[in-house]
Structures are given as structure tokens and as C-alpha cells.
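If you want the building blocks of each chain, they are given just below.
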Amino acid sequence: MADKRDYYEVLGVQKGASDDELKKAYRAMVKKYHPDLHPDDKEAEAKMKEVNEAYDVLSDRDKRAKYDQFGFAGVDPSYAAGQGGGGFGGFSGGGFSGDFGGFGDIGDIFESFFGGGGGFGQQTRSNPNAPRRGQDLRTGVQISFMEACKGTGVDIRVNRLERCPDCGGSGARPGTSPETCPDCRGTGTVRVSQRTPLGVFQTTKTCEKCGGRGKIIREVCQSCGGQGRVRRVLSKNVKIPQGIDDGQTLRITGEGDCGINGGANGDLIIRVSVKPDEMFEREGFDIYSEVPISYLQAALGDDIAVPTIDGNVKYKIPAGTQNGDTFVLRGQGVPRLYRTGRGDHHVSVRVEVPRNLSKKQADLLRAFDDSLEDRNSPGKKKFSDWFKN
Ligand SMILES: [Zn+2]
Ligand SMILES: [Zn+2]
């Protein structure tokens with residue numbers, strides 16, 4: 001829950017996005033993560049859930065206004081309780097209930113102690129000036145089977161928060177700098193005493209003067225509105241290493257959202273999906289494929305061309321090859337990811353029995369069959385012997 005991503009960020013839209021922009025972004029996300037397109041993919045499923053939740057809130061005027069004002073706590077009460085609960089310990093327990101006379105329910109108690117509003121999370125937040133790491137960003141790319149085998153480069157575009165180039169991240173107009181808040185001395189919280197039926201309680205609450213930021217910006221940077229970070233589209237060509245498999249992710253350190261107060265940047269996480277190939281299947285670093293041969297080739301043997309990821313390879317199949325016989329091309333499978341060497345390529349032979357025979361062909365085949373002796377079809381002989389006994 002603590003890792004919940006900002007709803008606007010989930011949909012990849014700006015905070016002031018119009019209904020149309022929201023709808024468009026939502027549709028794009030559905031196309032990307034719909035479970036029908038990613039069966040049994042837990043990550044896509046989680047993404048879809050996240051997207052649905054974000055759209056549910058942002059597409060509802062009322063919910064969106066609450067979310068804009070109070071964050072997750074404005075639209076999901078359990079979030080506020082979950083975030084703030086740890087700090088209050090005993091109050092959430094059942095032990096107190098009933099003895100409170102003047103208080104209605106637990107919510108009222110919180111409100112009267114802590115000033116209400118949706119800001120529980122903020123009151124227990126630690127030093128607002130502490131460095132905070134930027135969010136990790138996630139995106140996905142699709143590549144072909146061959147690109148996965150050989151490695152490739154893909155162009156990606158992600159919307160991310162970057163340090164505001166005009167104020168250098170301070171949020172103050174260029175040439176000015178933020179001042180430490182005199183009321184809270186930069187801590188973002190102030191102590192208050194409250195008299196209650198249970199005695200006097202010392203609590204801390206968010207500093208009103210600076211809104212918990214610990215700093216006061218007299219003149220706000222126009223480029224970032226005082227946030228110190230701005231949304232930018234990152235276009236980047238990412239190298240996909242050879243050997244990568246469907247569903248694997250690449251993490252590019254430091255290419256996510258910019259950190260706050262000098263915190264480290266988040267990472268950019270790229271999920272790679274590999275399109276299935278018509279010819280080849282893959283298991284680990286081994287490749288499996290099938291090669292059709294004629295009845296005659298199977299009976300007499302032949303040199304055949306076997307498609308591999310390096311192009312056609314010649315292979316000599318022996319006389320008497322049976323349907324389903326397999327052979328292995330050692331070291332001709334997929335290159336091992338971040339290592340040397342390659343898997344194997346397993347080829348399975350499919351003997352094509354002639355179909356749509358003319359009468360003349362059928363007669364020839366019968367005559368041929370009449371000429372066969374037991375030694376020509378030892379398997380069949382064994383089978384009929386078994387019946388006789
Ligand atoms: Zn700025
Ligand atoms: Zn303050």
C-alpha cells in the first residue's frame with residue numbers, strides 16, 4: 001500500500017487532464033495490459049487493476065476533487081487508517097470503546113486530537129527535508145522471437161518527473177531560495193498539548209505556516225509551480241540483450257522519476273514481451289522446431305535443409321527415419337543471457353504421408369506394399385504377432 005502510485009502517474013496524464021485525455025489514456029492502458037492479451041500474467045493483471053482503480057477515481061468528478069485535495073486518504077479511508085494507524089497504537093484497539101462518553105466513535109477521537117482532515121499520513125511523516133527516492137517507472141516493449149535471440153534496440157517513451165531545470169529543484173524562483181520555516185524550524189511539524197477526558201496529550205501536528213514542507217517559498221518558480229520537478233517525456237533507445245525471454249524485465253538504474261531533496265532517482269523498469277514465432281518454440285535457451293519430410297525421404301534418407309536462427313543448416317537424415325524422430329543441433333539454440341554459449345536446437349521430423357492419390361498412384365502404392373516383407377516393417381510385424389498370440 002505504501003508503494004501506491006499516484007493515479008495521474010498510473011494513467012500517464014497531467015494533473016489537469018481533461019475527461020477526453022483521461023479516456024484516451026485509459027483506453028491505451030487497457031490495450032496494453034488487458035488480461036486477454038496476457039493470460040496468466042500476474043504483473044499485467046496487477047497493472048490492469050491499478051489502471052482501473054485510477055480511472056475509477058479520476059473519471060468521477062467528486063472523487064477526483066477529493067483525491068486532488070487529500071491524496072489517497074480522500075478516496076480510500078482504509079488507506080488513511082493504514083498509513084496513520086501505526087503511530088497511534090492503542091487508540092485503534094477495542095479496549096477504549098464504550099468508556100468515552102463525549103466521543104462518538106473512533107473517527108471523532110482522531111479528529112479532535114489531530115485536527116481531522118485527510119492528512120493522517122502527513123502528521124506521522126518524518127522529516128520533510130529528508131532525501132526521498134524518486135518513483136520507479138514501468139513500461140513495456142514487444143519484440144520478435146528473432147530479436148530476442150539476437151538482441152536489438154528499441155525506442156521507448158516514458159513520461160517522468162525530472163528536476164526542474166530552471167530552479168534546480170528548489171521550487172523557488174531562479175535567483176531566490178526557499179527559507180527555513182520559522183514556526184517549525186524546518187521540521188514540518190509543531191507540538192500541541194490537548195486536554196481530553198483521559199488527561200493531557202502531547203501530539204504533533206502539521207505546521208500550518210509551511211503546510212508541513214518545512215520550507216517557505218516566497219517566490220515560486222514558474223516552470224514547476226514550486227514542486228521542483230517537472231514532467232517530461234523521455235525518449236530513449238534501449239539495448240535489449242540477446243537471450244532475453246518473454247516476460248523478463250530490464251532495470252535501468254536512475255532513469256525513473258527524479259528524487260526529492262537530493263534523493264536518488266527511481267529506476268526505469270522495462271518488461272519485454274516476445275511475440276511467438278511460427279517456426280520456433282523456446283524453452284529456456286533450447287529451441288524446438290519441426291521439419292516436414294516426404295515419405296520417400298524418410299524411407300531412403302536425404303540431405304535436408306533445417307531452418308535455424310542462423311539460417312538454413314544442412315542435415316543428413318538416415319534411411320528409415322520414422323515420424324517423430326528427433327535430432328539435436330548442439331549449440332545452435334538461443335544465446336545465454338549475459339553469459340557465453342548457447343542452448344541446443346531440437347528438431348523433430350514429421351513424415352508427410354501422401355494424400356489425394358490418383359488411381360494410378362494408389363495402384364502403384366498397393367503393388368509396392370505387396371512387395372514388402374516383414375523385415376521392412378518390423379514394428380508392424382511385432383504388433384500383429386502380439387494379436388495372434
Ligand atoms: Zn522550478
Ligand atoms: Zn513550518
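Residues numbered from 1 in each chain as written. Chains lettered and ligands numbered in written order. Predicted model: local features only at pLDDT ≥ 70, side-chain atom pairs only at ≥ 80, totals over all residues. Heavy atoms only, no water.

(A) Representation of the sheet that holds strand 1 (residues 137-143). Spatially, the 3 strands line up as an open sheet ordered 1-9-8, and their pairing is mixed. Whereas interior strands pair on both sides, the edge strands pair on one side only; in this sheet they are strand 1 and strand 8 (249-252). Going across the sheet, the axis of each strand differs from the next one's by a mean of 25°, ignoring polarity. With 4 bridges connecting them, strand 8 and strand 9 (residues 268-274) associate as antiparallel partners. Residue pairing for strand 9: Ile252 is matched across the bridge by Leu268. (Pairing = 2+ DSSP bridges. Helix = DSSP H or I, 4+ residues; strand = E, 2+ residues; numbered from the N terminus. Axes fitted to C-alpha atoms, helices over the stretch in contact; angles between N-to-C directions.)

(B) Looking closely at the coordination of the zinc ion (ligand 2). Every protein donor of the zinc ion (ligand 2) is listed here as Cys181 (SG), Cys184 (SG), Cys207 (SG) and Cys210 (SG), and their distances to the metal cover 2.2 to 2.3 Å. Taken together, the 4 donor atoms coordinating the zinc ion (ligand 2) and their angles of 103 to 115° define a geometry best described as tetrahedral. Each donor residue of the zinc ion (ligand 2) lies on the same chain, and together they follow the pattern C-x2-C-x22-C-x2-C. Of this pair, Cys181 sits in the loop between strand 3 (179-180) and strand 4 (189-196) while Cys210 sits in the loop between strand 5 (199-206) and strand 6 (215-216), and the two are 29 residues apart along the sequence. Looking at Cys181, the relative accessible area reads 1%, which means it is buried. Judged by relative accessible area, which is 2%, Cys210 ranks as buried. (Donors = N, O, S within 2.8 Å, 3.2 Å for Na, K, Ca; no water. Tetrahedral: all angles 85-135°; square planar, octahedral: opposite > 155°, others 65-115°. Buried < 20%, exposed > 50% of the residue type's maximum accessible area, 1.4 Å probe, protein only.)

(C) Broad picture of the coordination of the zinc ion (ligand 1). For the zinc ion (ligand 1), the full set of protein donor atoms is Cys164 (SG), Cys167 (SG), Cys221 (SG) and Cys224 (SG), at a range of 2.3 Å. Note that the zinc ion (ligand 1) binds 4 donor atoms; their angles at the metal cover 104 to 117°, and the shape is tetrahedral. On the primary sequence, the residues serving as donors to the zinc ion (ligand 1) are separated as C-x2-C-x53-C-x2-C. Judged by relative accessible area, Cys221 falls into the buried class, the value being 1%. For Cys224, a relative accessible area of 9% translates into the label buried.

(D) Expanded view of the packing of aromatic side chains. In the structure shown here, the tally under the stated rule is 9 aromatic pairs. Measuring from ring centre to ring centre gives 6.1 Å for Tyr8 and Tyr67, while their planes differ by 40°; the resulting arrangement is tilted. Of the two residues, Tyr8 sits in helix 1 (residues 7-11) while Tyr67 sits in helix 4 (residues 61-70), which places them 59 residues apart along the sequence. The same class applies to Tyr8 and to Tyr67, which are both buried. (Phe/Tyr/Trp six-rings, centres within 6.5 Å; stacked < 30°, edge-to-face > 60°.)

(E) Representation of the packing of helix 2 (residues 19-33) against helix 3 (residues 42-58) within the structure. Direction vectors running N to C along helix 2 and helix 3 enclose 165°, while the axes themselves pass 10 Å from each other. When the axis of helix 2 is compared with that of helix 3, the two are roughly antiparallel. Helix 2 and helix 3 meet at a crossing whose hand is left-handed. Here helix 2 contributes Leu22, Lys23, Tyr26, Met29, Val30 and Tyr33 to the contact with helix 3, which in turn contributes Ala44, Lys47, Met48, Val51, Asn52, Tyr55 and Leu58. (Parallel < 35°, antiparallel > 145°, perpendicular 65-115°, else oblique. Left-handed = near helix turned anticlockwise from the far one by under 90°. Contact = heavy atoms within 4.5 Å.)

(F) The layout of surface pockets, seen in detail. If you add up the space inside the second largest pocket, you get close to 850 Å³. Forming the boundary of the second largest pocket are 24 residues, of which Tyr295, Phe368, Leu372, Asn376 and Ser377 lie nearest the centre. Counting only elements with at least two residues in the lining of the second largest pocket, the list comes to helix 10 (295-300), helix 11 (359-371) and helix 12 (378-388). Within the lining of the second largest pocket, the residues separate by chemical class into 12 nonpolar, 7 polar and 5 charged. (1 Å grid on protein atoms, 1.4 Å probe; cavity = no way out; pocket = protein on both sides within 12 Å on 5 of 7 lines; lining within 4 Å. Points joined across faces, edges and corners; volume = space filled by probe spheres on them. Nonpolar A, V, L, I, M, F, W, Y, C, P; charged D, E, K, R; others polar.)

(G) Region of the structure containing unusual backbone geometry. Phi at Arg185 is positive, roughly 50°, even though this residue is not glycine. Inspection of the secondary structure assignment puts Arg185 in the loop between strand 3 and strand 4. With a relative accessible area of 71%, Arg185 lands in the exposed category.

(H) Here's a closer look at the environment of Asp60. You can see Asp60 is positioned in the loop between helix 3 and helix 4. Residues Asp60 and Asp19, spaced 41 residues apart in sequence, show a C-alpha to C-alpha distance of 9.6 Å.

(I) Examining the environment of Gly266 more closely. Tracing the sequence through the fold places Gly266 in the loop between strand 8 and strand 9. Judged by its relative accessible area of 0%, Gly266 falls in the buried class. Not counting the four nearest positions on each side in its chain, Gly266 is found in contact with Arg133, Gly134, Gln135, Asp136, Gly254, Glu255, Gly256 and Asp257.

(J) A look at the sheet that holds strand 11 (residues 286-294). Within the open sheet, the 4 strands sit side by side as 10-11-15-14. Their pairing is mixed. Among the strands making up the open sheet, the edge pair consists of strand 10 (281-283) and strand 14 (326-329). Taken pair by pair, the neighbouring strands of this sheet meet at an average axis angle of 30°, ignoring direction.

Scope: geometric values only; no functional claims are made or implied.
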